[in-house]
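# Observations on the three-dimensional arrangement
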Amino acid sequence: KRRTAEPYRIKAVEPLTILTYEERMEALKRAGYNTFLIDSEDVYIDLLTDSGTSAMSDKQWAAIMMGDEAYAGSRSWKRLEQAVRDVYGFRYIIPTHQGRGAENILSQLKIQDGDYVPGNMYFTTTRAHQELNGAAFVDVIIDEAHDSCSEYPFKGNIDILKLHNLIDEVGSERIPYLCLAVTVNLAGGQPVSMENMREVYRICRNYGIEVMFDATRCVENAYFIKEREEGYSTKSIAAILKEMFSYSDGCTMSGKKDCLVNIGGFLAMNDEELYTRARELVVVYEGMPSYGGMAGRDMEAMAQGIYEAIDDHYIEHRIHQVRYLGDQLIETGIPIVRPIGGHAVFLDARAFLPHLKQEDFPAQALAAALYLDAGVRSMERGIVSAGRNKVTGKHNQPKLELVRLTIPRRVYTNNHMDVVADSILSLYQKKDQICGFQMVYEPPTLRFFNARFSPL
Ligand code: F0G
């Protein structure tokens, strides 16, 4: 097989610091063994998140100089609005400072106390806004999504039977909308098939339930459809994306991922009445409907990024780089979530460290060990992130105990991926030496951000 390379060349570089083992040990202790608390300057390869960490292109940086910073009627806003209409196909757009700003407005406008919002697994902020407005989130993702070994190609799909059951149980009038994430972050970056989107939309229309996409990683989802679903291999990413959005009534978007920018987001819809109400709410929480918390230059960069992201070569390389890392791990027998998702490789910490109990925080311990070994920063997605049960006060014990290696877009080369793979392999060979943790400081909410640990 012929090898391929990055579809871009490097015009500016950001030198990285490489600490010694002893310096990393000091940094880790200062951070209470929590990778969220390590200073960026002490990190060599930062795989904490793919959010807001993309490298912008020369055209985006040039567009930044063209930002129109007018308080009202900015030219840059018109450009962004046009880009969203062109590429995603929605009629009305409300700009927000990032994804959760759009989630806030949507949830406030559509949800009433006692409502139910079904979704294909949850994302933390999305679910928090639904619950703050009085709705109960109901997970209707297929069972395969919860099984780290299932090779099902579309593990983000909605389980049609679960959806029907919910409608029968609570009644369609208690379901203001269904939230469909493309792709599903917490399931491992797993996609939704076009067939599933079409079917879900058809069912929801019959019941008068709207379908709102969480479009955060929609371009990655489009690539998986091109690769895996019959009839799409010769279609362009742009065409697939358009068809995907035709099976929705609107979306929330975190521009910090698939729009290739460091900040920004939007809410989009086709319903004029919803748009009119959203225009009123955006001024309370974000800013004027012509900037919504973004500077003119941010909107210019996002408009340009929206077009660059649908370049077939760009997205192919993006998905293949994540897979390049994941495949190396699979070849050496390291347990990861399969199939490899769109934005990250997830290590299965339970299988990696079978000698640790889940209460010893295996994923947290593995993330700390990886930083210590090679200066690679990852994120715990297991029992620490899952928090405590509000009623019993006990730890929630999620099935998946994972370490997320999230790949920023256009930032690292495959040589960086090799360094990460080598480090993980060397840890795997001495995995018995990795010990568990105890939590020495536990914040009451979203504890994973600020918790501190010490080795057992
Ligand atoms: N939806 C999904 C699927 C996300 O992954 C995120 C953010 C959001 C919504 C919220 O968007 O951050 O712009 O307000 N995910 C980041 C992550 C934080 O690291 O996975 P935001």
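In this report, we go over the structure that sits alongside the text. (Residues numbered from 1 in each chain as written. Predicted model: local features only at pLDDT ≥ 70, side-chain atom pairs only at ≥ 80, totals over all residues. Heavy atoms only, no water.)

## Considering the overall build of the protein
Under the convention used in this document: Under the DSSP-based scheme used, a helix requires at least four consecutive residues in state H or I and a strand at least two consecutive residues in state E, with every element numbered from the N terminus. For this measure, only C-alpha atoms enter the radius of gyration; the expected value for a globule follows 2.2 Å times N^0.38, where N is the number of residues. The contact criterion used throughout is that any non-hydrogen atoms of two residues lie within 4.5 Å. Per-residue accessibility takes into account occlusion by the displayed protein chains alone, with areas from the Shrake-Rupley method and a 1.4 Å probe. His residues and chain termini do not enter the charge count, which takes Lys and Arg as positive and Asp and Glu as negative. Every charge is mapped onto a representative atom, which is NZ of Lys, CZ of Arg, CG of Asp or CD of Glu.
Helix and strand counts for the protein come out as 16 helices and 14 strands. For the protein, the C-alpha radius of gyration of 22 Å lies close to 23 Å, the compact-globule estimate for 456 residues. Over its C-alpha atoms, taken along the principal directions, the protein stretches across nearly 60 × 55 × 45 Å. Once local pairs closer than 6 in sequence are excluded, the contacts in the protein between residues at least 24 apart make up 71%. Accessible area of the protein: about 19,600 Å², with a carbon and sulfur share of 50%. Of the charged side chains in the protein, 51 are positive and 62 negative, and the gap between their average positions amounts to 2 Å.

## Some thoughts on the site of the ligand
Our working definition: Proximity is defined per residue: if any heavy atom of the residue lies within 4 Å of a molecule or strand, that residue is considered near it. N or O atoms within 3.5 Å of each other form a polar contact, as long as, within protein, one can give a hydrogen and the other can take it, and as long as residues adjacent in sequence are counted only when both atoms are side-chain atoms. Residues were grouped as follows: Ala, Val, Leu, Ile, Met, Phe, Trp, Tyr, Cys and Pro as nonpolar; Asp, Glu, Lys and Arg as charged; and all remaining residues, including Gly, as polar.
Neighbouring residues of the ligand: 16 residues in total, closest Thr-49, Arg-100, Asp-214, Ser-254 and Lys-257. Gly-99 places a main-chain nitrogen or oxygen 2.8 Å from an oxygen atom of the ligand. Separating an oxygen atom of the ligand from a side-chain N or O atom of Arg-404 is a distance of 2.9 Å. Protein chains bury 93% of the 470 Å² of accessible surface belonging to the ligand in isolation. The element contributing the most residues to the shell around the ligand is helix 4 (residues 99–110), with 3 residues. Residue composition of the shell around the ligand, grouped by class: 1 nonpolar, 8 polar and 7 charged.

## Re the pattern of salt bridges
Operational definition: We define a salt bridge as a side-chain nitrogen of Lys or Arg found within 4 Å of a carboxyl oxygen belonging to Asp or Glu. Any residue under 20% of the maximum accessible area for its type is buried, any over 50% is exposed, and the rest in between are partly exposed; the area is computed with a 1.4 Å probe on protein chains only.
A full pass over the atoms with the stated rule returns 27 salt bridges. Note that Asp-42 and Arg-30 form a salt bridge whose closest N and O atoms lie 3.3 Å from each other. Remark: Arg-30 occurs in helix 1 (residues 21–30) and Asp-42 occurs in the loop between helix 1 and strand 1 (45–46); sequence separation between them is 12 residues. Linking Arg-318 and Asp-50 is a salt bridge whose minimum nitrogen-to-oxygen distance equals 3.9 Å. Of this pair, Arg-318 sits in helix 12 (residues 312–331) while Asp-50 sits in the loop between strand 1 and helix 2 (58–65), and the two are 268 residues apart along the sequence. The class of Arg-318 is buried, set by a relative accessible area of 3%. Judged by its relative accessible area of 0%, Asp-50 is buried. Members of the salt-bridge network, linked through shared partners, are Asp-50, Arg-217, Glu-220, Asp-258, Arg-318 and Arg-409.

## Observations regarding the pairing of strand 12 (residues 402–406)
Two faces belong to every sheet, and in a regular strand the side chains alternate between them. Note the threshold: Here, a strand pair is defined by DSSP locating no fewer than two bridges between the strands.
A large share of strand 12 lies buried, amounting to 5 of its 5 residues. Here strand 12 shows a buried face lined by Leu-402, Arg-404 and Thr-406 and a second buried face lined by Val-403 and Leu-405. Of the pairings in the sheet, the one linking strand 9 (residues 344–348) to strand 12 comprises 5 bridges and is antiparallel in character. Paired with Ala-344 across the bridge in strand 12 is Thr-406.

## Some words on the sheet that holds strand 11 (residues 379–381)
Our working rule: Every angle, taken between N-to-C directions, lies between 0 and 180 degrees, and every axis is a line fitted to C-alpha atoms, over only the stretch in contact when it is a helix.
The strand order 9-12-11 describes an open sheet built from 3 strands, whose pairing is antiparallel. With one partner strand each, in any of the chains shown, strand 9 and strand 11 form the two edges of the open sheet. Shown here is a sheet whose adjacent strand axes are inclined to one another by a mean of 30°, direction ignored. Those strands touched by helix 12 are strand 9 and strand 12, and its axis lies near 25° from that of strand 9.

## Points about the environment of Glu-227
Looking at where Glu-227 falls in the secondary structure, it is placed in helix 8 (residues 218–228). The class of Glu-227 is partly exposed, set by a relative accessible area of 35%. As a C-alpha pair, Glu-227 and Asp-271 span 44 residues in sequence and 32 Å in three-dimensional space. Non-local contacts of Glu-227, meaning those with residues more than four positions away in its chain, are made with His-320 and Arg-323.

## Topic: the packing of helix 3 (residues 75–88) against helix 11 (residues 296–309)
Short version of the rule: Here the angle decides the label: under 35 degrees means roughly parallel, over 145 means roughly antiparallel, 65 to 115 means roughly perpendicular, and every other value means oblique. Crossing handedness: left-handed means the near helix sits turned counterclockwise from the far one by under a right angle, and right-handed means the same turn made clockwise.
For the pair helix 3 and helix 11, the least separation of the axes is 8 Å and the interaxial angle reads 25°. Relative to helix 11, helix 3 is oriented roughly parallel. Our pair here, helix 3 against helix 11, has a crossing hand that is left-handed. Residues Ser-76, Trp-77, Arg-79, Leu-80, Gln-82, Ala-83, Val-84, Asp-86, Val-87 and Tyr-88 of helix 3 pack against Gly-296, Met-299, Glu-300, Met-302, Ala-303, Gln-304, Ile-306 and Tyr-307 of helix 11. Here the contact of helix 3 with helix 11 is built from residues that sort into 11 nonpolar, 4 polar and 3 charged.

## Describing the packing of helix 8 against helix 12
Where helix 8 contacts helix 12, the axes come no closer than 10 Å and their chain directions differ by 85°. If you check the angle between helix 8 and helix 12, you find them roughly perpendicular. Touching Val-219, Glu-220, Tyr-223, Phe-224, Lys-226, Glu-227 and Arg-228 of helix 8 are Asp-312, Ile-315, Glu-316, Arg-318, Ile-319, His-320 and Arg-323, all from helix 12. Along the lines of polarity and charge, the residues of the contact of helix 8 with helix 12 split into 5 nonpolar, 1 polar and 8 charged.

## A short note on helix 14 (residues 362–374)
Threshold: Helix span, expected: 1.5 Å multiplied by one less than the number of residues in the helix.
End to end, helix 14 covers 18 Å across 13 residues, agreeing with the expected 18 Å (1.5 Å per residue, within 8%). With 12 of its 13 residues buried, helix 14 lies for the most part within the structure. Following helix 14 by one or two positions, Gly-375 has its phi on the positive side, about 75°.

## Comments concerning helix 2
Condition: Here, the arc refers to the directions that run from the helix axis to the C-beta atoms.
Looking only at helix 2, the buried set comprises Gln-60, Ala-63 and Ile-64. Down the axis of helix 2, the smallest arc covering the buried residues is 105°, so these residues share one side. Away from its buried face, by an angle of more than 90 degrees, helix 2 presents the exposed residues Lys-59, Trp-61 and Met-65. Looking at the buried positions of helix 2, the neighbouring elements they touch are helix 3 and helix 11.

## Quick look at the side chain of Ser-385
Looking at the secondary structure, you find Ser-385 in helix 15 (residues 383–386). In this structure the side chain of Ser-385 is engaged in a polar contact, spanning 3.4 Å, whose partner is the side chain of Arg-381.

Spatial relationships are all this shows, so hold off on functional conclusions.
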